[in-house]
Amino acid sequence: MVTADQTELAPADVVDRLLWHDAQEMLGRHRQPDPDGTCVWCGWQWPCAPRRLAERAATASRRPWREAWTVRHDLNSIRAMPGLDDTRRRRNRGAFI
């Protein structure tokens, strides 16, 4: 039997719950700029590309599946971007994230 974590339930109007959940996680990480105007998570100029993509994903999760599918592909593509992990490690001084 598989048990899913239901701690954060999606609103009733969400069509793609997995996309919505992924968007919420990314929005939580890339939540604000630091005093220098860069993202507190990735160090990119605010609003960073992951933040903008997460906002698109949150919106698309409420639309027909074809739109959500396209954003899901974009969301998965940004996770595989070279240098994204390197930037986070530098900002967090080698800490595992």
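Residues numbered from 1 in each chain as written. Predicted model: local features only at pLDDT ≥ 70, side-chain atom pairs only at ≥ 80, totals over all residues. Heavy atoms only, no water.

Colleague: Whenever I open this one, the side chain of His-30 confuses me. Can you help?
Modeller: Mapped onto the fold, His-30 is located in the loop between α1 (17-29) and α2 (49-60). Among the residues examined, His-30 registers a relative accessible area of 3% and is labelled buried. Excluding residues within four positions of it along the chain, His-30 makes contact with Cys-39, Trp-41, Cys-42, Trp-46, Cys-48, Pro-50 and Arg-51. (Helix = DSSP H or I, 4+ residues; strand = E, 2+ residues; numbered from the N terminus. Buried < 20%, exposed > 50% of the residue type's maximum accessible area, 1.4 Å probe, protein only. Contact = heavy atoms within 4.5 Å.)

Colleague: Explanation requested: α1 in the structure shown.
Modeller: Every α-helical turn comprises 3.6 residues, leaving residues that sit three or four positions apart pointing alike. The end-to-end C-alpha distance of α1 is 19 Å, a good match for the 18 Å that 13 residues give at a rise of 1.5 Å each. For α1, the complete set of buried residues consists of Leu-19, Trp-20, Asp-22, Ala-23, Met-26 and Leu-27. Taken around the axis of α1, the buried residues stretch over an arc of 165°, which confines them to a single face. Capping the start of α1 is the job of one residue whose side-chain oxygen sits 3.3 Å from the backbone nitrogen of Leu-18: Asp-16. (Expected span 1.5 Å × (residues − 1). Arc of directions from axis to C-beta. Polar contact = N/O pair within 3.5 Å; in protein donor to acceptor, adjacent residues only side chain to side chain.)

Colleague: What should I look at first to understand unusual backbone geometry in this one?
Modeller: Excluding glycine, residues mostly carry a negative phi; peptide bonds, for their part, are mostly trans. A cis amide bond links Trp-46 to the next residue, Pro-47, at an omega of -10°. Take Pro-47: it is sitting in the loop between α1 and α2.

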